[in-house]
Amino acid sequence: MSPPPETQSESVGAGESFLTVVIAFVSNLLIAVAKTGAAMVTGSASLVAEAAHSWADTGNEILLLIAERRAHRPRDSRHPQGYGREAYIWSMFAAFGLFAVGAAVSVQHGISELLSPEPATDYGIAYAVLAIAAVLEGISFLRSYQQAKRGAVKRRISLLRQVFRTSDPTLRAVFAEDAAALIGLAIAFVGVFLHQITGSATYDAIGSILVGVLLGVVAIVLINQNRRFLLGQAVDDAVQQRVLRDLLAHGNIDRVTYLHVEYTGPVQLFLVAAVDFTGDDVESSVAVALRQLENELERDPRIAEAVLTLSAPGDADLVPDAP
């Protein structure tokens, strides 16, 4: 069975995801060090929030690298559907880390700054670090943007729809975190600038709180997406229809009466189908044919496991939509 174009495009993206995460990790580590130094020198609340944001992102990239490695281990007797769901588990940990470290620290520091404001100094250093961070974050974001864009073009859907519907949680996490980082830098710049021209630390503190709220929203979105895939996310209609057409195109299959396809990991599918073979072979021959077809399907690395059974005589046929 030829893989659906949707999973073909995601397979290419999954192969790129490790490099995408590495680039994001290096960028965030350099940014975190620079922001921490600048926050200590300037005393800016917005820079403290941005430093917490970058350290949270750096830790998250480590978790995403673990997810990439562990999720692509081959299946074994104890895990017949493979280890793909590990990607969603580790990505969930990363999202919780973003919420706890990035969002909570930023909001808490902003509130503290509102209650006990302190003047900031050395604004030039703050602006320089924000500019450097914008360049590094832009490089990382461009990488994830290009990977997501290629998948969106092949699937003929919008970029954001590709990001939120892809089965690759590392791509989704890096894209969302980098986009939030760029928005956070803009918020921090405005906070520092208003602090400088007004002399009031209130704007800087509000900037810190806004960065924290932004990170909290992103973390909740990522947590919810990983939750859906951990529960068992069915493929969309386009993939379902393509799988149905490919099964019906098989020479031995006369009809399909049941079909369920869900993700078990990044670009990994669990397929269950009830089929009726052509002819009227004896039970033993049909059983052998079913096992052979399952093995044929599972030779595709995108099929984590295929389970086939026989259709009952009165079951209604599944008819593919018009292409």
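Scoring rules and cut-offs
- Residues numbered from 1 in each chain as written.
- Predicted model: local features only at pLDDT ≥ 70, side-chain atom pairs only at ≥ 80, totals over all residues.
- Heavy atoms only, no water.
- Helix = DSSP H or I, 4+ residues; strand = E, 2+ residues; numbered from the N terminus.
- Buried < 20%, exposed > 50% of the residue type's maximum accessible area, 1.4 Å probe, protein only.
- Contact = heavy atoms within 4.5 Å.
- Areas by Shrake-Rupley, 256 points an atom, 1.4 Å probe, with all protein chains shown as cover.
- Core = buried A, V, L, I, M, F, W, Y, C linked by side-chain atoms within 4.5 Å.
- Phe/Tyr/Trp six-rings, centres within 6.5 Å; stacked < 30°, edge-to-face > 60°.
- Patch = residues over 30% accessible without salt bridge, like charges linked within 9 Å, V, L, I, M, F, W, Y side chains within 5 Å.
- Salt bridge = Lys/Arg side-chain N within 4 Å of Asp/Glu carboxyl O.

Details of the overall build of the protein chain
Here's step 1: Within the protein chain, the regular secondary structure consists of nine helices and three strands.
Here's step 2: From first element to last, N terminus to C terminus, the protein chain shows the α and β order α-α-α-α-α-α-α-α-β-β-α-β.
Here's step 3: Once the C-alpha set of the protein chain is aligned to its principal axes, its extents read approximately 85 × 40 × 30 Å.
Here's step 4: Across the 323 residues that make up the protein chain, the buried fraction comes to 50%.
Here's step 5: Here the contacts in the protein chain between residues at least 6 apart in sequence split such that 77% fall between residues at least 24 apart.
Here's step 6: For the protein chain, the computed accessible surface area is about 14,500 Å², with 64% contributed by carbon and sulfur atoms.

Digging into the nonpolar core
Note on soluble globular proteins: their nonpolar side chains tend to be buried together.
Here's step 1: Among the nonpolar cores identified, the biggest contains 25 residues, and L64, L98, L215, V218 and L222 are the most heavily contacted of them.
Here's step 2: Of all the secondary-structure elements, those providing two or more residues to this core are α1 (5-42), α2 (45-71), α3 (86-115), α6 (169-198) and α7 (202-232).
Here's step 3: When residues in this core are grouped by element, the largest group, seven residues, is from α7.
Here's step 4: Among the nonpolar cores identified, the runner-up in size contains 24 residues, and V239, L247, Y263 and A273 belong to it.

Focus on the packing of aromatic side chains
Here's step 1: Taken as a whole and judged by the stated rule, the model has seven aromatic pairs.
Here's step 2: Aromatic pair Y127 and F189: ring centres 5.6 Å apart, planes at 55 degrees, arrangement tilted. Here F189 lies in helix α6 and Y127 lies in helix α4 (residues 123-155), a separation of 62 residues in the sequence.
Here's step 3: Joined through ring pairs, the aromatic side chains of Y88, F229 and Y263 make up one cluster.

Overview of a nonpolar patch on the surface
Here's step 1: Taken together, I111, L114, L115, I206 and L210 make up a surface patch of nonpolar side chains, about 460 Å² in accessible area.
Here's step 2: Mapped onto the nonpolar patch, the elements with two or more residues apiece are α3 and α7.
Here's step 3: Residue contributions to the nonpolar patch peak at three residues, all from α3.
Here's step 4: Mapped onto the elements of the fold, L115 is located in helix α3.

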